[in-house]
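Architecture at a glance
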Amino acid sequence: MDQPSLYDDDIVTWAEQQASTLRSLARRPDLSNILDWENVAEEIESVGRSQVQAVESLLAQTLAHLLKRLSAPDAAALDHWYQEAGTFQITAMNRYERSMRQRLDWDKIWSSAQALAKLSLRRYGDTLIPNLPAQCPLGPDELLVLPCDLDAALRRIAGSTALKSAPES
């Protein structure tokens, strides 16, 4: 049976398949109605959703730390932020499964990263780098790989700002 292997290899897909199977079984009149089929299916699906949300959170933290580095290049915490970005990225990569690729909400990840960075920078008396793009300039091909080139990611974010070193008047 391939199910134990799928559980180990891709819990998100496993959870979706199991929930679908339970819902199919729930429609069978010959099976007991003692089991709360729909809620059991929902609980199993939530296992997969929580895995996706964990990776999204780790990616948001990765990006937030990169944004803080770009926004406050003279901050004492600069090296710490770089190390934290790397730690969050590696943890995200280790939890990532291919089936998550289409499920990751990059708009949510990007807006969360900006909100986290902005909140943290306020504590240091700094502000978020202006003119960030509406959509995340990085994606799974840059962030969900090992090794991840954080310096290239920083350059990509910096280069994506709408206002690039405008001429002084």
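Residues numbered from 1 in each chain as written. Predicted model: local features only at pLDDT ≥ 70, side-chain atom pairs only at ≥ 80, totals over all residues. Heavy atoms only, no water.

1. As for the packing of helix α3 (residues 37-71) against helix α4 (residues 78-95)
We apply this condition: Interaxial angle, 0 to 180 degrees, is taken between N-to-C directions of lines fitted to C-alpha atoms, where a helix line uses only the stretch in contact. Think of it this way: any DSSP run of H or I at least four residues long counts as a helix, any run of E at least two long counts as a strand, and we number them from the N terminus. We call two directions roughly parallel when the angle between them is under 35 degrees, roughly antiparallel when it is over 145, roughly perpendicular when it lies between 65 and 115, and oblique otherwise. The hand of a helix crossing depends on one turn: near helix anticlockwise from the far one by less than a right angle means left-handed, and clockwise means right-handed. Contacts are assigned to residue pairs that have any heavy atoms within 4.5 Å of one another.
Here α3 crosses α4 at 160°, and the two axes come no closer than 8 Å. Between α3 and α4, the angle is such that the two are roughly antiparallel. For the crossing formed where α3 meets α4, the hand is left-handed. Across from Q51, A54, V55, L58, L59, Q61, T62, H65, L66, K68 and R69 in α3, the residues of α4 making contact are L78, D79, W81, Y82, E84, A85, F88, Q89, T91, A92 and R95.

2. Here we look at the environment of L121
For clarity, the cut-off: Burial classes follow relative accessibility: with a 1.4 Å probe on protein chains only, a residue under 20% of its type's maximum area counts as buried, one over 50% as exposed, and anything between as partly exposed.
Here L121 shows up in helix α5 (residues 106-123). On the accessibility criterion, L121 (0% relative accessible area) is buried. Along the primary structure L121 and R69 are separated by 52 residues, whereas in three dimensions their C-alpha atoms are 9.8 Å apart. Not counting the four nearest positions on each side in its chain, L121 is found in contact with K68, S71, A72, W81, D126, T127 and L128.

3. Side note on the side chain of T161
Keep this limit in mind: Side-chain atoms alone can form a polar contact between residues adjacent in sequence; in general such a contact is a pair of N or O atoms within 3.5 Å, and within protein one must be able to donate a hydrogen while the other accepts it.
As for its placement among the helices and strands, T161 is situated in the segment after α7 (150-159). Exposure remark for T161: the relative accessible area of 7% places this residue in the buried category. At 3.0 Å, the side chain of T161 and the backbone oxygen of A158 are in polar contact.

4. Section: the confidence of the model for the chain
Note that predicted coordinates carrying low pLDDT should not be read in detail. Put simply, the rule is: For every residue, the pLDDT score states the predictor's confidence, bounded by 0 at the bottom and 100 at the top.
Per-residue confidence for the chain averages 89 on the pLDDT scale, and 93% of its residues sit at or above 70. Put simply, helix α1 (residues 3-9) is where the chain has its lowest mean pLDDT, 72, and α5 is where it has its highest, 97. Ignoring residues within four places in sequence, the model shows residues 165-169, a span with pLDDT below 50, making 0 contacts including any to other chains.

5. Examining the pattern of salt bridges
Note the following rule: We count a salt bridge whenever a side-chain nitrogen from Lys or Arg sits within 4 Å of a carboxyl oxygen from Asp or Glu.
Under the counting rule described, the total for this entry stands at 10 salt bridges. The closest approach of N and O atoms between R49 and E45, which form a salt bridge, is 4.0 Å. Taken as a pair, R49 and E45 lie in helix α3 at a separation of 4 residues, close to a single helical turn. Since its relative accessible area comes to 40%, R49 is described here as partly exposed. Taken together, the shared-partner salt bridges in this structure form one network comprising R23, E38, E42, E45 and R49.

6. Quick look at unusual backbone geometry
L146 connects to P147 through a cis peptide bond whose omega is -5°. Tracing the backbone through its elements, the reader meets P147 in the loop between α6 (140-143) and α7. Located in the positive-phi region is N131, a residue other than glycine, with phi close to 60°. The exposure class assigned to N131 is partly exposed, which follows from its relative accessible area of 32%.

7. Quick word on the packing of aromatic side chains
Each aromatic ring pair is specified by the distance between its two centres and by the angle formed by the two planes. Selection rule: A pair of Phe, Tyr and Trp rings is counted when the ring centres sit within 6.5 Å of each other, with Trp represented by its six-membered ring. The angle between the planes then sorts it: under 30 degrees is stacked, over 60 is edge-to-face, the rest tilted.
For the structure on display, the rule yields 2 aromatic pairs. Residues Y7 and W14 carry aromatic rings whose centres are separated by 4.8 Å and whose planes lie at 85° to one another, so their mutual orientation is edge-to-face. Of the residues examined, Y7 reaches a relative accessible area of 40% and is grouped as partly exposed. Since its relative accessible area comes to 17%, W14 is described here as buried. Between W81 and Y124, the aromatic rings sit 5.5 Å apart at their centres with planes inclined by 85°, giving edge-to-face as the arrangement. Linking W81 in helix α4 with Y124 in the loop between α5 and α6, this pair joins segments that are 43 residues apart in sequence.

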